Amino acid sequence: MHEEEQKVLVVLSGGQDSTTCLYWAIDRYGLAAVDTVTFDYGQRHRVELECAAKVAEFAGVSNTCLPIDTLAALGGDALTDPDIDVDSETDADTGLPNTFVPGRNLIFLTYAAALAYRRDIQNLVTGVAETDYSGYPDCREETIIALQQALRLGMESEVTIHTPLMHLSKKKTVELARDLGGLPAMAYTHTCYNGERPPCGQCPACVLRAKGFAEAGVNDPLVASA
Ligand SMILES: [Zn+2]
């Protein structure tokens, strides 16, 4: 049973987690109710944008790419600045890895909520998770709940932010994707922080992804297709 007359907008990065969320949304609301949005925030690895478009096409949903130049203009993180290498160590002062882009998810979800408002969409889905992740504070449940409240007040709306992966380990996320029929789409996703296809297998994102698939006992279609 799909929730009647509800529409949903999935924030699709082209990665494993947001692709799993896409299949969660399709399962819950029905294919016709699902839209996706992808943000071009000046990420070094442009392949992410192509992957998001391919995943959406494969799944049979629309994909809107919105530009946000400001995060790259701020600089200082390894995901937008080509002069900074991805470091698996965390910063001694902040406890955060140098892939942290401050405020990224807050900004993404705010723009997503604005697009949802324009399209009369009541639900947002994001793949943020507290578990097994890099400890980004904008992925915490507390942050998302507070943001949802701010968006409801600030847009006079009843928007709901869904976070189906919030408390799932990478293993559980792989199992969820499998159970929802989302595995074939994983061949089009991108996770590698070094932007490599086939994935480098060495960076923190590749290591975490491989661990999740291994623990779930599932072959990663991205690696298998390489
Ligand atoms: Zn990698």
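As a reminder, the structure under discussion sits directly above these lines.
Anyway, here's the lowdown on the structure attached to this text. Computed from a predicted model, the values in this text were never measured in an experiment. In this numbering scheme, every chain counts its residues from 1 along its sequence in written order. Two thresholds apply to this predicted model, a pLDDT of at least 70 for residue-level local features and 80 or more for giving and counting side-chain atom pairs, whereas whole-chain, interface and lining totals are computed over all residues. The side-chain figures draw on all heavy atoms in the structure; neither hydrogens nor water molecules are used.

Quick look at the overall build of the protein chain now. A count of helices and strands for the protein chain gives 8 helices and 5 strands. The linear arrangement of helices and strands in the protein chain, starting from the amino end, is β-α-β-α-β-α-α-β-α-β-α-α-α. Against the globule reference of 17 Å for 226 residues, the protein chain gives a C-alpha radius of gyration of 17 Å, in line with a compact fold. Overall size of the protein chain, expressed as C-alpha extent along the three principal axes, is 45 × 35 × 30 Å. Taking all 226 residues of the protein chain together, the buried fraction comes to 51%. We call two residues contacting when some pair of their heavy atoms lies within 4.5 Å. Sequence-distant contacts, at least 24 apart, represent 72% of the contacts inside the protein chain between residues at least 6 apart. A positive count includes Lys and Arg, and a negative count includes Asp and Glu. His and the chain ends are not counted in either. Taken as the charge location is NZ of Lys, CZ of Arg, CG of Asp or CD of Glu. Charge-centre separation for the protein chain: the mean point of 17 positive side chains lies 4 Å from the mean point of 32 negative side chains. Helix and strand labels come from DSSP, where a helix needs a run of H or I of at least four residues and a strand needs a run of E of at least two; each type is numbered from the N terminus. Each radius of gyration is computed over the set of C-alpha atoms, and the globule rule expresses the reference value as 2.2 Å times the number of residues to the power 0.38. The rule is simple: take the accessible area with a 1.4 Å probe, protein chains only, and divide by the maximum for that residue type; under 20% is buried, over 50% is exposed, in between is partly exposed.

Note: metal donors comprise N, O and S atoms at 2.8 Å or less from the metal (3.2 Å for Na, K and Ca); water molecules are not included, so apparent gaps in a site are possible. For the zinc ion, the full set of protein donor atoms is C192 (SG), C200 (SG), C203 (SG) and C206 (SG), and the range of their distances to it is 2.3 to 2.4 Å. Relative to the metal, the 4 donor atoms surrounding the zinc ion lie at angles of 104 to 117 degrees, and the coordination shape comes out tetrahedral. Counting residues between consecutive donors of the zinc ion along the chain gives the motif C-x7-C-x2-C-x2-C. Residue class for C200 comes out buried when judged on its relative accessible area of 19%. Under the classification used here, a metal with four donors is tetrahedral if each angle lies between 85 and 135 degrees, square planar if opposite donors are over 155 degrees apart and the others between 65 and 115, a six-donor metal meeting that same test is octahedral, and anything else is irregular.

Any helix carries an expected span of 1.5 Å times its number of residues minus one. Between its first and last C-alpha, helix α7 (residues 204-216) extends 18 Å over 13 residues, near the 18 Å set by a 1.5 Å rise per residue. Contact partners of the buried residues in α7: α1 (16-29), α6 (170-179) and α8 (221-224). One or two positions beyond α7, positive phi appears at G217, with a value near 70 degrees.

Here the focus is the nonpolar core. Nine residue types can take part in a nonpolar core, namely buried Ala, Val, Leu, Ile, Met, Phe, Trp, Tyr and Cys, and a core is a set of them joined through side-chain atoms within 4.5 Å. Ranked by internal contacts, the top residues of the largest apolar core, which has 34 residues, are L9 and L124. For this core, the secondary-structure elements that each account for two or more residues are β1 (8-11), β2 (34-40), α4 (104-119), α5 (141-155) and α7. The leading source of residues in this core is α4, at 6 residues. Residues within four places of L124 in sequence aside, it is in contact with L9, L109, A112, A113, A116, V159, T160, I161 and H162. By size, the runner-up hydrophobic cluster in this structure holds 21 residues, among which are C21, V34, V55 and A56.

So, on to unusual backbone geometry. The omega torsion across R197 and P198 is -5 degrees, close enough to zero to call that bond cis. Positive phi is not limited to glycine here, since E156 has a value of about 50 degrees. Examined against the element boundaries, E156 turns out to sit in the loop between α5 and β5 (160-162). Classification of E156 as exposed rests on a relative accessible area of 73%.

Looking now at the packing of α6 against α7. Axis definition: a line fitted to C-alpha atoms, limited for helices to the stretch in contact. Angles are taken between N-to-C directions and run from 0 to 180 degrees. Between α6 and α7, whose axes approach to 7 Å, the crossing angle comes to 65 degrees. Between α6 and α7, the crossing angle belongs to the class labelled roughly perpendicular. Judged by the twist between their axes, the crossing of α6 over α7 is right-handed. Contact residues: K170, K171, V174, E175 and R178 in α6; L208, G212, F213, E215 and A216 in α7. A breakdown of the residues in the contact of α6 with α7 according to their chemical character gives 4 nonpolar, 1 polar and 5 charged. Relative orientations are named as follows: roughly parallel for angles under 35 degrees, roughly antiparallel for angles over 145 degrees, roughly perpendicular for angles from 65 to 115 degrees, and oblique for any other angle. By definition, turning the near helix anticlockwise from the far helix through less than a right angle yields a left-handed crossing, and turning it clockwise yields a right-handed one. Charged means Asp, Glu, Lys or Arg here, nonpolar means Ala, Val, Leu, Ile, Met, Phe, Trp, Tyr, Cys or Pro, and polar covers whatever is left, Gly included.

Another point: the side chain of T126. Structurally, the position occupied by T126 is in the loop between β4 (123-125) and α5. A relative accessible area of 4% places T126 in the buried class. Contacts of T126, omitting those with residues within four sequence positions, involve C21, L109, I161, H162, T163 and P164.

Structurally, S13 can be placed in the loop between β1 and α1. Residue S13 is classed as partly exposed on the basis of its relative accessible area, which comes to 40%. A C-alpha to C-alpha distance of 6.7 Å links S13 and E48, two positions 35 residues apart in sequence. Those residues within four positions of S13 in sequence are excluded, and the remaining contacts are S18, E48 and A52. Under this definition, polar contacts are N or O atom pairs within 3.5 Å; protein pairs additionally need one hydrogen-donor-capable and one acceptor-capable atom, and for neighbouring residues in sequence, both atoms have to be side-chain atoms. From its side chain, S13 meets the backbone nitrogen of G15 in a polar contact 3.1 Å long.

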